[in-house]
Amino acid sequence: MSAQCPKAKDAPTAPDVDTCAHCGIKSGGEGGKVKLKMCTACRLVKYCSVDCQKAHRMGHKKACKERAAELRDEKLFNQGSERTEEDFCPICFIPYPVQLDSESVFRDCCLKVVCTGCSLAALERKSMDCPFCRTPPGEEGSLERIRGRAEKGDPEAMAALASGYFYGRYDLTVDKHLSFKWWKDAADLGHKLSQFNVGRAYSQGDGVPMDMKVAIHYWEEAAMSGCPRSRHQLAMLDGIAGRTDRALRHLLISCKLGFKESMDMIRQLHKDGSVTREQCKSALVDYLNAQDEVGSPLRIRATM
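A brief structural summary. (Residues numbered from 1 in each chain as written. Predicted model: local features only at pLDDT ≥ 70, side-chain atom pairs only at ≥ 80, totals over all residues. Heavy atoms only, no water.)

Focus: unusual backbone geometry
Phi is positive for Phe93, close to 60 degrees, though the residue is something other than glycine. Tracing the backbone shows Phe93 in the loop between helix H2 (50-78) and helix H3 (100-103). The backbone phi angle of Lys126 is positive, close to 60 degrees, even though this residue is not glycine. Structurally, the position occupied by Lys126 is in the loop between helix H4 (116-124) and helix H5 (142-151). (Helix = DSSP H or I, 4+ residues; strand = E, 2+ residues; numbered from the N terminus.)

Topic: the packing of helix H6 (residues 155-167) against helix H7 (residues 176-187)
Where H6 meets H7, the axes come as close as 8 Å, and the angle between the chain directions of the two elements is 160 degrees. Comparing the axis directions of H6 and H7 gives the class roughly antiparallel. Here H6 runs over H7; the crossing is left-handed. On H7, the residues touching Pro155, Met158, Ala159, Leu161, Ala162, Ser163, Tyr165 and Phe166 of H6 are Lys176, Leu178, Ser179, Trp182, Trp183, Asp185 and Ala186. (Axes fitted to C-alpha atoms, helices over the stretch in contact; angles between N-to-C directions. Parallel < 35°, antiparallel > 145°, perpendicular 65-115°, else oblique. Left-handed = near helix turned anticlockwise from the far one by under 90°. Contact = heavy atoms within 4.5 Å.)

What about the layout of surface pockets?
By volume, the second largest pocket is sized at about 240 Å³. Lys65, Glu66, Ala68, Ala69, Arg72, Lys213, Ile216, His217 and Glu220 are the residues that line the second largest pocket. Of all elements in the fold, only H2 and helix H9 (212-224) reach the threshold of two or more residues within the lining of the second largest pocket. It is H2 that provides the largest number of residues to the lining of the second largest pocket, a total of five residues. Split into classes, the residues belonging to the lining of the second largest pocket amount to three nonpolar, one polar and five charged. (1 Å grid on protein atoms, 1.4 Å probe; cavity = no way out; pocket = protein on both sides within 12 Å on 5 of 7 lines; lining within 4 Å. Points joined across faces, edges and corners; volume = space filled by probe spheres on them. Nonpolar A, V, L, I, M, F, W, Y, C, P; charged D, E, K, R; others polar.)

A short note on helix H8 (residues 192-204)
For H8, spanning 13 residues, the distance from its first C-alpha to its last is 18 Å, which sits close to the expected 18 Å at 1.5 Å a residue. The element H8 is extensively covered by neighbouring structure, given that eleven of its 13 residues are classed as buried. What H8 keeps buried is the set Lys192, Ser194, Gln195, Phe196, Asn197, Val198, Gly199, Arg200, Ala201, Tyr202 and Ser203. Positive backbone phi, approximately 65 degrees, marks Gly205, located one or two places after H8. (Expected span 1.5 Å × (residues − 1). Buried < 20%, exposed > 50% of the residue type's maximum accessible area, 1.4 Å probe, protein only.)

Quick look at the pattern of salt bridges
One pass over the full model with this rule turns up 18 salt bridges. Lys260 is paired through a salt bridge with Asp264; the nearest N and O atoms lie 2.9 Å apart. Remark: Asp264 and Lys260 occur in helix H12 (residues 260-272); sequence separation between them is four residues, near one turn of the helix. (Salt bridge = Lys/Arg side-chain N within 4 Å of Asp/Glu carboxyl O.)

Quick notes on the packing of aromatic side chains
With the rule as written, the count across this model stands at four aromatic pairs. Each ring, one from Phe166 and one from Tyr167, has its centre 4.9 Å from the other, and the planes form 80 degrees; the classification is edge-to-face. Between Tyr202 and Tyr218, the ring centres sit 6.3 Å apart and the planes meet at 10 degrees, which makes this aromatic pair stacked. Residue Tyr202 is found in helix H8, and its partner Tyr218 is found in helix H9; the two are separated by 16 residues along the sequence. Classification of Tyr202 as buried rests on a relative accessible area of 12%. (Phe/Tyr/Trp six-rings, centres within 6.5 Å; stacked < 30°, edge-to-face > 60°.)

Considerations on a positive patch on the surface
Together, Arg57, Lys61, Lys65 and Lys213 make up a region of like positive charge exposed at the surface. Per-element accounting of the positive patch gives the leading share, three residues, to H2. Mapped onto the secondary structure, Lys213 falls in helix H9. According to the relative accessible area criterion, Lys213 is exposed, its value standing at 71%. (Patch = residues over 30% accessible without salt bridge, like charges linked within 9 Å, V, L, I, M, F, W, Y side chains within 5 Å. Areas by Shrake-Rupley, 256 points an atom, 1.4 Å probe, with all protein chains shown as cover. Lys, Arg positive; Asp, Glu negative; His and termini not counted. Charge placed at Lys NZ, Arg CZ, Asp CG, Glu CD.)

Points about empty space enclosed by the protein
Any empty space left between the atoms is revealed when a probe the size of a water molecule rolls over them. For the coordinates displayed, the defined rule picks out one cavity of 30 Å³ or more. If you add up the space inside the largest cavity, you get close to 30 Å³. Mapped by element, the contributors of at least two residues to the lining of the largest cavity are H7 and H8. Per-element accounting of the lining of the largest cavity gives the leading share, four residues, to H7. Per-class residue counts for the lining of the largest cavity are four nonpolar, one polar and three charged.

What follows is the structure in structure tokens.
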């Protein structure tokens, strides 16, 4: 960085990535001592020092904010449209349905979610052990094991402990503040279901002061990680605000991930004339493909 920068009045009027946006000094100036650093928010301009960045802030703030929002949107709509590793059963490697509770079983022993098809296969082998880790029933040590892993920074364990406090599982007393604490810890480590739950808590003021701005932030993070519930929430907020195009983009992505509520909303928007026949047809094809991906003979038998 430069200790003595040229006067700001000599700075170029147009942004130049090889010069300081405030004082105009060139990258590598003063015998190679000057090293410019990019504005991390907009990535449009560079500065030679923190002082130049602060001095240029007022003139750059509007453009920086607009470009940062554009970059955020690019990331928001270009990520999260495909299933990730945690969306697949660790035994059969078939993706879970979105409604996990009805067609999967959470295993306290290994903190894995096993689909009902693989659970049925284990029962047909007359095995009561965990289908994934083979832990015999009654030897899980559920709460102690989960708490120990949570305290060591395991996001799956943090999420499980949060659910325990929220729903009163593992003989825990319901405590919304502790459930939020553990969900937030997991969310900050990138656990997408926890990010959704933290967003829900902030949106409803459940165990934490209501803050829609923070709620949207967590839902966006979850949506970019492939959480269709969070993306559906963002679609509803955009729809309420009159941003129909943005809402539709969210809904199309969550339909691709097999989220029924989003498909139902697109059908309703089509009836209202807000969505074209082609858009509705495209969403339906993606939704049905997602439903086909989660099916298996064993899962069908498990629901009979």
